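For reference, the chains in residue letters:
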Amino acid sequence: MNALPPAYGWLDDLSPLPRMMEEARKLFGTFEVAGPASNPLILDWAKEVGLARTYLEDGIPWCGLFMAVVAKRGGKPIVEGPLWARNWAKFGKAADKAQLGDVLVFRRGQGSGHVGLYVGEDYGAYHVLGGNQSDGVTITRIAKDRCIAVRRPAYRKAPATAKPVLLAATGTLSTNEA
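### A look at the side chain of Asn132
Step number 1: Tracing the chain through its elements places Asn132 in strand 4 (residues 125-133).
Step number 2: Within the structure, the side chain of Asn132 is placed 3.1 Å from the side chain of Trp62, a separation counted as a polar contact.
Step number 3: The residues contacting Asn132, other than those within four sequence positions of it, are Glu32, Pro61, Trp62, Cys63, His114, Glu177 and Ala178.

Printed below as a string of structure tokens:
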């Protein structure tokens, strides 16, 4: 497992993590291959979730693919059309206040979107663990005013770690996650 940036190292001390967050954490540090080649691991995710005929190379936006593999491995349902980030606004149930492990959906550009998992927040941004953020699985700060949906996975009993997390406003604010 790749090391988290120091500002997020506390995540590795929490137990148990929400299941989707636990699965996402295992994939932290996975990156696209530069140029025309694709990372075979990312293509394997497409096979794992039944999208091998649709998702052919890692140049295609893959934040929704990342969420699909994390949901599947975490025992949660995958939304219909998971490659379209905004479809994740139908995942789980709506939540008023984000907490660790929730799915956050953001608007981006001309009608497109981005999706990832809530790690925490500062006064103006959510800290998001997601795929296709600077071409990899990273933690990125995204402005709260871009968030269009906070969705909570169904839990039989939510882990004690599934709660809001207040963080320092460190790192650059993302304007385009790709």
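Text resumes after the structure shown.
### Describing the environment of Tyr126
Step number 1: Tracing the chain through its elements places Tyr126 in strand 4.
Step number 2: The class for Tyr126 is buried, based on a relative accessible area of 12%.
Step number 3: Every residue in contact with Tyr126, bar those within four places of it in the chain, is listed here: Ala98, Leu104, Phe106, Tyr118, Gly120, Glu121, Thr140, Arg141, Ile142, Lys144 and Cys147.

### Here's the deal with the pairing of strand 2 (residues 103-108)
Step number 1: Among the six residues in strand 2, five count as buried, and that is most of the element.
Step number 2: What sits between the antiparallel neighbours strand 2 and strand 3 (residues 112-121) is a turn of three residues, in which Gly109 has the positive phi angle 60 degrees.
Step number 3: Two strands pair when backbone bridges link them, and strand 2 and strand 6 (residues 147-152) are joined in this way by four bridges, in the antiparallel orientation. Bridging across to strand 6, Leu104 finds its partner in Val150.

### Some words on helix 3 (residues 63-73)
Step number 1: Taking burial as the measure, the 11 residues of helix 3 include nine buried ones, the bulk of the element.
Step number 2: Along helix 3, the positions that sit buried rather than exposed are Cys63, Gly64, Leu65, Phe66, Met67, Ala68, Val69, Val70 and Ala71.
Step number 3: Summarising the contacts, the buried residues of helix 3 are in contact with helix 1 (19-27), helix 2 (40-48), strand 2, strand 3, strand 4 and strand 5 (136-143).
Step number 4: In the segment just after helix 3, Gly75 is the residue with positive phi, at about 75 degrees.

### Description of helix 2
Step number 1: Within helix 2 the residues assigned to the buried category are Ile42, Trp45 and Ala46. Buried residues of helix 2 fall within an arc of 100 degrees about the axis and therefore sit on the same side. Seen from the open side of helix 2, the exposed residues pointing more than 90 degrees away from its buried face are Pro40 and Lys47.
Step number 2: Buried residues along helix 2 sit in contact with helix 1, helix 3 and strand 5.
Step number 3: If you check the start of helix 2, you find a side-chain oxygen 2.8 Å away from the backbone N of Leu41, and it comes from Asn39.

### A short note on unusual backbone geometry
In terms of backbone geometry, most residues other than glycine have negative phi values and most peptide bonds are trans.
Step number 1: That bond from Ser15 to Pro16 is cis: its omega, -5 degrees, falls within 30 degrees of zero.
Step number 2: One can find Pro16 in the segment before helix 1.
Step number 3: If you check the backbone angles, Ser134 has positive phi at about 55 degrees while not being a glycine.
Step number 4: Following the sequence through the fold, Ser134 ends up in the loop between strand 4 and strand 5.
Step number 5: By relative accessible area, Ser134 is classed as exposed at 53%.
Step number 6: A positive phi angle, near 65 degrees, is found at Asp135, a position not held by glycine.

Cut-offs applied
- Residues numbered from 1 in each chain as written.
- Predicted model: local features only at pLDDT ≥ 70, side-chain atom pairs only at ≥ 80, totals over all residues.
- Heavy atoms only, no water.
- Helix = DSSP H or I, 4+ residues; strand = E, 2+ residues; numbered from the N terminus.
- Polar contact = N/O pair within 3.5 Å; in protein donor to acceptor, adjacent residues only side chain to side chain.
- Contact = heavy atoms within 4.5 Å.
- Buried < 20%, exposed > 50% of the residue type's maximum accessible area, 1.4 Å probe, protein only.
- Pairing = 2+ DSSP bridges.
- Arc of directions from axis to C-beta.

By themselves, these are just geometric observations and shouldn't be taken as functional.
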